[in-house]
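# Fold and geometry: a report
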Amino acid sequence: MADTRLELSITGMTCASCANRIERKLNKLDGVTATVNYATEKARVTFPDDVDPQTLVQQVEAAGYGATLPSADPEHAEAAEVDPTRTLRQRLIGSTVLAVPVIVLAMVPALQFTYWQWISLTLAAPVLVWGAWPFHRAAWTNLRHGAATMDTLISMGTIAAFGWSLYALLWGTAGTPGMTHPFELTVQRTDGAGAIYLEVAAGVTVFILAGRYFEARSKRRAGAALRALLELGAKDVAVLRDGREVRVPIADLTVGDRFVVRPGEKIATDGVVDEGSSAVDASMLTGESVPVEVGPGDAVVGATVNAGGRLVVKATRVGTDTQLAQMAKLVEDAQGGKAEAQRLADRISGVFVPIVIALAVGTLAFWLGAGGGVSAAFTAAVAVLIIACPCALGLATPTALLVGTGRGAQLGILIKGPEVLESTRRVDTVVLDKTGTVTTGRMSLVAVHPAAGVAEDEVLRLAGALEHASEHPIAKAIATGAAERVGELPEVEGFQNHEGVGVQGVVDGHAVVVGRERLLAEWSVHLDQGLVKAKEAAEQRGHTAVLVAWDGQAKAVLAVADTVKPTSAEAVRRLRELGLTPVLLTGDNEAAARAVAAEVGIDEVIAEVLPKDKVDVITRLQGEGKVVAMVGDGVNDAAALAKADLGLAMGTGTDAAIEASDLTLVRGDLMAAVDAIRLARRTLSTIKGNLFWAFAYNVAALPLAAAGLLNPMIAGAAMAFSSVFVVSNSLRLRGFRATAPTDQTAGARTTAEKVPAKVA
């Protein structure tokens, strides 16, 4: 019996343990295999054909969560999707407005006017009921299934604080007109009838809501990588119908249709060239820095750019069968299979919550058994819950994340969310894409090798003038390099473009030919031994060799290449200092990759790989027990970025790569990758420190609370101080500095700059 696969959209998850619970529930069904991703809120399920998909939905709902089957109309489903951050944002803003006066009144005795406690009750009640509703709902769901998470502690603590305050106001002495909470740091036993904890109930709710909102906002972007990939393709196409060009939407294109691609246009879909020849820029998809020459019979890929002449292409694959669509599927699979880092707070709460609840119950039982009185017993038990309620914990992650990401943005580093940070500490291998990451991704003139007795300036002046008339990317590199050296270039007469092999024309009375050896051979021009050696040496370094001849004789070899960024070698050295092993991964040819690797100091090179192969390489490295970071910029890197434990995208690259990554490097400089890992590790250390102190202040006061010796102002002061400490500790991240360049880096030059100034 065949199996079916589908993806359920899950709602109601609040932590990684929720995903585990749903996963276990689904896997209990016969023949069902399910994986639940907390970050993307999706469940990928494989099940037998005899299982009704609605049964899967019912199973998730039985676990206390919501599930919906995939829509037949993805566009409609996306339009109907509700922004999960909107409700959280409304609760956060409303709760903050109401909670601030409550906290200020409780902490500043001078502001405690007559009946201030009743105003606080009026303001705090909506915060506890409406603002904290998500925590109460999650706590109830957990309780029904015998589990306890941070939501359980938040709900119990806020309800306990509010409930005891209500008791003290209605049946105790706290409701007496003119009652104040004096700022006394004394430790004494009290029956609690005059103490209210409304600021605790309101403050904890606001702090935790803030953390949840920023988490939800980062998760909201999970599906953007796929949309960015699919938007790369052409939107319409000029199809040949009865000898005429008819512009139709890309969705109407069918296999076998012949369509026209003009210079500068994207190729609409995968196909075979029927007429014409040109250079196709496929770097966006394949990583190959040099445009590929194509002619009749050659295969072309959709979304690549026609950089030269007019082409007529016969469509061979359309829709979901194209290479671009397959790459989108790769990204989706990589994201779906990416293990979500367990939330630090949830891991701690897994131990902390049951202990606190047991301690509160034990305290109540002890005081009742010791004859301390019901009021004193409940005071001590509630004090345990209140002092344990994680006020500063709500600030621990979001404040460090906000300060860290804010500082990162100033340095050109965008961190997408707290789940990214844990990966940076564990990473031991960094895979670097070549084109656009280690190198500039642009062709440049890097060397001139004139024949004996020929002046370099003359070579550049004649070759540059001829290439200036061409639109080919290699021609542009030569023309730009020549203009920088010799200034204004002379006019060209009788210009002719030989598609795929070169150009010819008359410059200053000389019949000049620039291009491949094949073009020179057609003019019966042959290279001398010196030029042959220069050509072979350039090709061994991975450069593109362009030959120049005039007046029937070969005059020079020009070397054109993608140049290494000035800071790449220093960045590789710094990555090694961080304990990372660099690997160069590229779709470019082996010679070019080896030359670049040697220049920047990378030992391991994996070249000539397709986009799918990049994902396989990442998977293989992970299978060897390595924790892999990937740095890239192209569409061809998007799936690998998503698959890697940590994805870093160059901000100068494509939207698809940026959306699939965990960190975006706006500067487009590999040194930014070094700073990104340093900043992420520093931010994670700050979060861990915050979490420790957020609990430490409370844990230190737990014995006092259990002994019934906790003064309410000590509880309030400890909570306020822990929050101030956490915020102050997070603000230290503002002092993070980018890696200062060494003298070598400051004086570093690209490959092109290493050529004498008069040449390039």
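Residues numbered from 1 in each chain as written. Predicted model: local features only at pLDDT ≥ 70, side-chain atom pairs only at ≥ 80, totals over all residues. Heavy atoms only, no water.

A few words now on the overall build of the protein chain. Secondary structure summary: the protein chain contains 29 helices and 26 strands in total. Considering the protein chain as a whole, with its 760 residues, one finds that 53% of them fall into the buried category. Of the contacts made within the protein chain by residues no fewer than 6 positions apart, 71% connect residues no fewer than 24 positions apart. Carbon and sulfur atoms form 56% of the exposed surface of the protein chain, whose accessible area is close to 31800 Å². (Helix = DSSP H or I, 4+ residues; strand = E, 2+ residues; numbered from the N terminus. Buried < 20%, exposed > 50% of the residue type's maximum accessible area, 1.4 Å probe, protein only. Contact = heavy atoms within 4.5 Å. Areas by Shrake-Rupley, 256 points an atom, 1.4 Å probe, with all protein chains shown as cover.)

With that settled, the discussion passes to helix 20 (residues 529-540). Look at helix 20: 17 Å from first C-alpha to last across twelve residues, which is about the 16 Å you get at 1.5 Å a residue. Looking only at helix 20, the buried set comprises Leu531, Ala534, Lys535 and Ala538. Buried residues of helix 20, seen end-on, are gathered within an arc of 100 degrees and therefore sit on one face of the element. Projecting away from the buried face of helix 20 at angles above 90 degrees are the exposed residues Gln529, Lys533 and Gln540. Elements that come into contact with the buried residues of helix 20 comprise strand 16 (439-450), helix 19 (517-522), strand 20 (544-550) and strand 21 (553-564). Structurally, the start of helix 20 carries an N-cap: the backbone nitrogen of Gly530 is 3.1 Å from a side-chain oxygen of Asp528. Where helix 20 ends, the next residue or the one after it, Gly542, has phi of about 85 degrees, a positive value. (Expected span 1.5 Å × (residues − 1). Arc of directions from axis to C-beta. Polar contact = N/O pair within 3.5 Å; in protein donor to acceptor, adjacent residues only side chain to side chain.)

Now for the side chain of Asp433. With respect to the helices, strands and loops of the structure, Asp433 is situated in strand 15 (residues 429-433). For Asp433, the side chain forms a polar contact with the side chain of Thr437, separated by 3.5 Å. One polar contact links Asp433 to Lys614, side chain to side chain, over a distance of 3.2 Å. When near neighbours in sequence (up to four residues on either side) are disregarded, Asp433 contacts Val438, Leu584, Leu585, Thr586, Lys614, Met630, Val631, Gly632, Asp633 and Asp637.

Bringing helix 22 (residues 590-600) into the picture now. Taken together, the buried positions of helix 22 are Ala592, Ala593, Val596, Ala597 and Val600. Along the long axis of helix 22, the arc covered by the buried residues comes to 130 degrees, so they all point the same way. Among the structural elements, helix 16 (434-438), strand 16, strand 21, helix 21 (568-577), strand 22 (581-585) and strand 23 (604-606) are those in contact with the buried residues of helix 22. The first or second residue beyond helix 22 is Gly601, which carries a positive phi of 90 degrees.

Our next topic: the confidence of the model for the protein chain. Considering every residue of the protein chain, the mean pLDDT works out to 78; 80% of them sit at 70 or more. Looking over the protein chain, one finds the lowest element-wise mean pLDDT in helix 29 (residues 751-754), namely 32, and the highest in helix 5 (residues 116-131), namely 94. Of the regions scoring below 50 in pLDDT, residues 72-80 engages in two contacts with residues more than four places distant in sequence or in other chains. For residues 743-760, every residue scores under 50 in pLDDT, and the model assigns this stretch 37 contacts once sequence neighbours within four places are set aside. (pLDDT = per-residue confidence, 0-100.)

The subject of this paragraph is the pairing of strand 9 (residues 278-281). Alignment of strand 9 against strand 10 (residues 292-294), held across three bridges, turns out to be antiparallel. Across the sheet, residue Ser278 finds its bridge partner in strand 10, namely Val294. (Pairing = 2+ DSSP bridges.)

Taken together, the three strands give an open sheet; going across it, the order is 10-9-12, and neighbouring strands pair in antiparallel fashion. Either end of the sheet is taken by a strand with one partner, and the two such strands are strand 10 and strand 12 (305-306).

Residues given the UniProt feature "transmembrane region" (unreviewed entry) here are residues 92-109, 115-133, 153-174, 194-214, 348-370, 376-403, 691-707 and 713-731. Annotated as residues 92-109, this span is 89% helix and 0% strand, and its ends, taken at the C-alpha atoms, are 26 Å apart. The span residues 153-174 carries 82% helix and 0% strand; its end-to-end C-alpha distance comes to 25 Å. (UniProt positions renumbered as here; feature names shortened; annotations may be inferred.)

We now examine the nonpolar core. In terms of nonpolar packing, the biggest core is built from 50 residues, with Phe162, Ile196, Leu198 and Val356 touching the most fellow members. Where this core is concerned, the elements lending two or more residues are helix 4 (84-107), helix 5, helix 7 (150-170), helix 8 (198-219), helix 12 (344-369), helix 13 (374-388) and helix 26 (670-706). Sort the elements by how many residues they give to this core and helix 8 lands first, with eleven residues. Judged by nonpolar contacts, the second largest core, of 48 residues, contains Leu584, Val600, Val674 and Ala676. (Core = buried A, V, L, I, M, F, W, Y, C linked by side-chain atoms within 4.5 Å.)

Our next topic: the environment of Ala195. Tracing the sequence through the fold places Ala195 in the loop between helix 7 and helix 8. Considered as a pair, Ala195 and Ala174 are 21 residues apart in the sequence and their alpha carbons are 6.1 Å apart.

What follows covers the pattern of salt bridges. Here the structure, examined in full by the defined rule, presents 22 salt bridges. In this structure, Asp457 engages Arg485 in a salt bridge whose closest nitrogen and oxygen atoms are separated by 2.2 Å. Of the two residues, Asp457 is situated in helix 17 (residues 456-468) and Arg485 in helix 18 (residues 473-486); the sequence distance between them amounts to 28 residues. With a relative accessible area of 28%, Asp457 lands in the partly exposed category. Linking Lys626 and Glu624 is a salt bridge whose minimum nitrogen-to-oxygen distance equals 3.6 Å. Through salt bridges with shared partners, a single network forms among Glu570, Arg573, Arg574 and Glu577. (Salt bridge = Lys/Arg side-chain N within 4 Å of Asp/Glu carboxyl O.)

Moving on, we get to the packing of aromatic side chains. Considering all chains together, one arrives at three aromatic pairs under this definition. Between Phe366 and Trp367 the ring centres are 5.5 Å apart and the planes differ by 80 degrees, which places this aromatic pair in the edge-to-face class. Residue classification places Phe366 among the exposed positions, given a relative accessible area of 53%. On the basis of relative accessibility, which here comes to 13%, the residue Trp367 falls in the buried class. (Phe/Tyr/Trp six-rings, centres within 6.5 Å; stacked < 30°, edge-to-face > 60°.)

This part is about the sheet that holds strand 3 (residues 42-48). Read from one edge of the open sheet, four strands run 2-3-1-4, paired in antiparallel fashion. Lying at the two open borders of the sheet, with one neighbouring strand each, are strand 2 (33-37) and strand 4 (66-68). If you compare each strand with its neighbour and ignore which way they point, the axes differ by 25 degrees on average. Sheet topology places strand 1 (residues 3-11) next to strand 4; three bridges connect them, and they run antiparallel. Considered in strand 4, the bridge of Thr11 is made with Gly66. (Axes fitted to C-alpha atoms, helices over the stretch in contact; angles between N-to-C directions.)

What follows concerns the environment of Val100. In this fold, Val100 is placed in helix 4. Sequence-wise, Val100 and Gly203 are 103 residues apart; in three dimensions their C-alpha atoms are separated by 7.8 Å.

Once that is clear, we can look at the layout of surface pockets. As a volume, the second largest pocket reaches approximately 740 Å³. It is strand 20 that provides the largest number of residues to the lining of the second largest pocket, a total of four residues. When grouped by side-chain class, the residues that make up the lining of the second largest pocket number 14 nonpolar, 14 polar and nine charged. Here the lining of the second largest pocket spans two domains, since at least three of its residues come from each of domain 2 (236-321) and domain 4 (440-563). (1 Å grid on protein atoms, 1.4 Å probe; cavity = no way out; pocket = protein on both sides within 12 Å on 5 of 7 lines; lining within 4 Å. Points joined across faces, edges and corners; volume = space filled by probe spheres on them. Nonpolar A, V, L, I, M, F, W, Y, C, P; charged D, E, K, R; others polar. Domains from an automatic or database assignment.)

Below, the discussion takes up the side chain of Arg681. Inspection of the secondary structure assignment puts Arg681 in helix 26. There is no salt bridge for the buried Arg681, and the closest opposite charge comes from Asp428, which lies 8.7 Å off by N-O distance. With sequence-adjacent residues up to four places away left out, Arg681 is seen in contact with Thr424, Arg425, Val427, Leu578 and Leu580. (Lys, Arg positive; Asp, Glu negative; His and termini not counted.)

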